[in-house]
Amino acid sequence: MNLFLGRWRAKFKKMTLPWWLLIHASIPVLIPLRIWLDTPKIWIPLFIVVAIIGQFIGSRYLANNTVSVIEADKTKSV
């Protein structure tokens, strides 16, 4: 989930309202999921780290690949 949110977040300027909302958008989904799965509290720091890594990968690698594909299509049509 954070991979896609990070990819979407990369399109917005840093520290704007949409940027902040996309960072925190997974929280309302993940907290009830953790409660439903009865995840021990000791695992919460790991989940936070994985969410941050997912946002980073989504914003750096997935967003950059999309932009380069769009630019490649533009050069082919010229």
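All of these numbers come straight from a predicted model, not from anything done at the bench.

Draft legend 1. Representation of the confidence of the model for the protein chain in the model. Summarising the model, the protein chain shows a mean pLDDT of 82, and 79% of its residues fall at 70 or more. For the protein chain, per-element mean pLDDT is lowest for helix 4 (residues 44-77), which scores 73, and highest for helix 3 (residues 27-36), which scores 91. Taken together, the stretch residues 67-73 has pLDDT below 50 and engages in zero contacts with residues farther than four places along the chain or on a different chain.

Draft legend 2. Main features of the packing of helix 1 (residues 2-9) against helix 2 (residues 17-24). Viewed as axis vectors pointing N to C, helix 1 and helix 2 meet at an angle of 170°, and their least axial separation amounts to 9 Å. Between helix 1 and helix 2, the angle is such that the two are roughly antiparallel. Where helix 1 approaches helix 2, its residues Leu5, Trp8 and Arg9 are matched on the opposing element by Trp19, Leu22 and Ile23. Class assignment for the residues of the contact of helix 1 with helix 2 results in five nonpolar, no polar and one charged.

Draft legend 3. Structural context of the layout of surface pockets. Considering only enclosed or pocket space, the largest pocket measures out at about 480 Å³ in volume. Secondary structure elements with two or more residues in the lining of the largest pocket: helix 1, helix 2, helix 3 and helix 4. It is helix 4 that provides the largest number of residues to the lining of the largest pocket, a total of seven residues. Of the residues assigned to the lining of the largest pocket, the class counts are eleven nonpolar, five polar and four charged. One number sums up the size of the second largest pocket: a volume of about 190 Å³. Every residue lining the second largest pocket is listed: Met1, Asn2, Leu3, Leu30, Leu33, Arg34, Leu37, Thr39, Phe47, Val50 and Ala51. Elements with a minimum of two residues in the lining of the second largest pocket: helix 1, helix 3 and helix 4. Considered class by class, the residues forming the lining of the second largest pocket number eight nonpolar, two polar and one charged.

Draft legend 4. Spotlight on the packing of aromatic side chains. In the structure shown here, the tally under the stated rule is two aromatic pairs. With a centroid separation of 5.3 Å and an interplanar angle of 90°, the aromatic rings of Trp19 and Trp20 are classed as edge-to-face. When its relative accessible area of 8% is taken as the criterion, Trp19 is described as buried. Relative to Tyr61, the ring of Phe56 has its centre 6.4 Å away and its plane inclined at 80°; by these criteria the two rings are edge-to-face. Accessibility expressed as a relative area gives 40% for Phe56, which makes it partly exposed.

Scoring rules and cut-offs
Residues numbered from 1 in each chain as written. Predicted model: local features only at pLDDT ≥ 70, side-chain atom pairs only at ≥ 80, totals over all residues. Heavy atoms only, no water. pLDDT = per-residue confidence, 0-100. Helix = DSSP H or I, 4+ residues; strand = E, 2+ residues; numbered from the N terminus. Contact = heavy atoms within 4.5 Å. Axes fitted to C-alpha atoms, helices over the stretch in contact; angles between N-to-C directions. Parallel < 35°, antiparallel > 145°, perpendicular 65-115°, else oblique. Nonpolar A, V, L, I, M, F, W, Y, C, P; charged D, E, K, R; others polar. 1 Å grid on protein atoms, 1.4 Å probe; cavity = no way out; pocket = protein on both sides within 12 Å on 5 of 7 lines; lining within 4 Å. Points joined across faces, edges and corners; volume = space filled by probe spheres on them. Phe/Tyr/Trp six-rings, centres within 6.5 Å; stacked < 30°, edge-to-face > 60°. Buried < 20%, exposed > 50% of the residue type's maximum accessible area, 1.4 Å probe, protein only.

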